[in-house]
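Understanding the architecture of this molecule
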Amino acid sequence: MSQFGELVLLIGDLHIPQRSVDLPDKFKELLVPGKVQHILCTGNVGNREHSDWLKSLAANVHFARGDFDEGISLPEQKLITIGDWKIGLIHGHQVIPWGDKEALSNIQRMMDCDLLVSGHTHNSSVESYDGKHFVNPGSATGAYSPLTSDVKPSFFIVALQGRDATTFLYELVDGNVSVVKGTLSKSS
């Protein structure tokens, strides 16, 4: 455990090679083995090479099945406990309408988790609703989605310490990496 607590990479919707050639070089420079303890991937990686690359970055790697993950056996949803946090992991195509807070809240209640991680929209976000938290890491490659072709490449690193979480949103903006810090607290 680092001085920041347990570090968790939230990533997904790479769509390599279907919708994108590769991760941005600036992200590959940041995402190296030994920096995080856990990886939670919302699916739609696209190929085995990049799934294996994610597995090389940390000892604890979890995937959810995306709507384009064919020919591999992955769970539709997964519940992971890290420290004091119960984290639900889904791809997000099951959420109708996509990204809707009430629909996400329904899944969160069914999974009985403190934090629900979902993708599919390719838009990064952190939201709270009814005392629970929802994080969407966006698309790590900036792959287009059915909703837009203007997608900023993004991922999150979350530092979990006790009942508190510090979120770091990494986005590629005009060729530079932008980092936005936020905080979440687990409700009683």
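About the thresholds
- Residues numbered from 1 in each chain as written.
- Predicted model: local features only at pLDDT ≥ 70, side-chain atom pairs only at ≥ 80, totals over all residues.
- Heavy atoms only, no water.
- Helix = DSSP H or I, 4+ residues; strand = E, 2+ residues; numbered from the N terminus.
- Buried < 20%, exposed > 50% of the residue type's maximum accessible area, 1.4 Å probe, protein only.
- Contact = heavy atoms within 4.5 Å.
- Pairing = 2+ DSSP bridges.
- Axes fitted to C-alpha atoms, helices over the stretch in contact; angles between N-to-C directions.
- Right-handed = clockwise from strand over helix to strand, strands pointing away.
- Patch = residues over 30% accessible without salt bridge, like charges linked within 9 Å, V, L, I, M, F, W, Y side chains within 5 Å.
- Areas by Shrake-Rupley, 256 points an atom, 1.4 Å probe, with all protein chains shown as cover.
- Salt bridge = Lys/Arg side-chain N within 4 Å of Asp/Glu carboxyl O.
- Disulfide = S-S within 2.5 Å.

**Some details on the overall build of the chain**
When helices and strands are tallied, the chain shows three helices and eleven strands. Sequence-ordered secondary structure for the chain, helices as α and strands as β, is β-α-β-α-β-β-β-α-β-β-β-β-β-β. Projected onto its principal axes, the C-alpha positions of the chain cover 45 × 40 × 35 Å. Relative to its 188 residues, the chain shows a buried fraction of 51%. Counted over contacts in the chain with a minimum sequence separation of 6, partners at least 24 positions apart contribute 55%.

**Considering the sheet that holds strand E9 (residues 154-161)**
Read across the open sheet, the six strands follow the order E3-E2-E1-E9-E10-E11; overall the sheet is mixed. Looking along the sheet, the strands with just one partner apiece sit at the ends: strand E3 (60-63) and strand E11 (176-185). Here the strands of the sheet are splayed against their neighbours by 20° on average, with no regard to which way each runs. In this structure, strand E10 (residues 164-173) lies alongside E11, joined through ten bridges in antiparallel fashion.

**Observations regarding the side chain of aspartate 114**
Note on placement: aspartate 114 falls in the loop between helix H3 (101-111) and strand E6 (115-117). In contact with aspartate 114, other than residues within four places in its own chain, are Asp84, Trp85, Lys86, Lys132, His133 and Lys186.

**A look at the pairing of E3**
Looking at chain direction, strand E2 (residues 38-41) and E3 are connected through four bridges and run parallel. When the sheet's bridge partners are listed, cysteine 41 is paired in E3 with phenylalanine 63. For the handedness criterion, the β-α-β arrangement of E2, helix H2 (residues 48-57) and E3 is classed as right-handed.

**Observations regarding the environment of leucine 23**
For leucine 23, the position within the fold is in the loop between strand E1 (6-11) and helix H1 (25-30). Non-local contacts of leucine 23, meaning those with residues more than four positions away in its chain, are made with Leu14, Ile16, Lys28, Leu31, His50, Trp53, Ala140 and Thr141.

**Some thoughts on a nonpolar patch on the surface**
On the surface, Leu30, Val177 and Val179 cluster together to form a nonpolar patch covering roughly 210 Å² of accessible area. Mapping leucine 30 onto the fold places it in helix H1. Judged by its relative accessible area of 38%, leucine 30 falls in the partly exposed class.

**Describing the state of the cysteines**
The full count for this structure, using the stated rule, is zero disulfides. Here cysteine 113 is not disulfide-linked; the sulfur of cysteine 41 is the nearest cysteine sulfur, at 17 Å.

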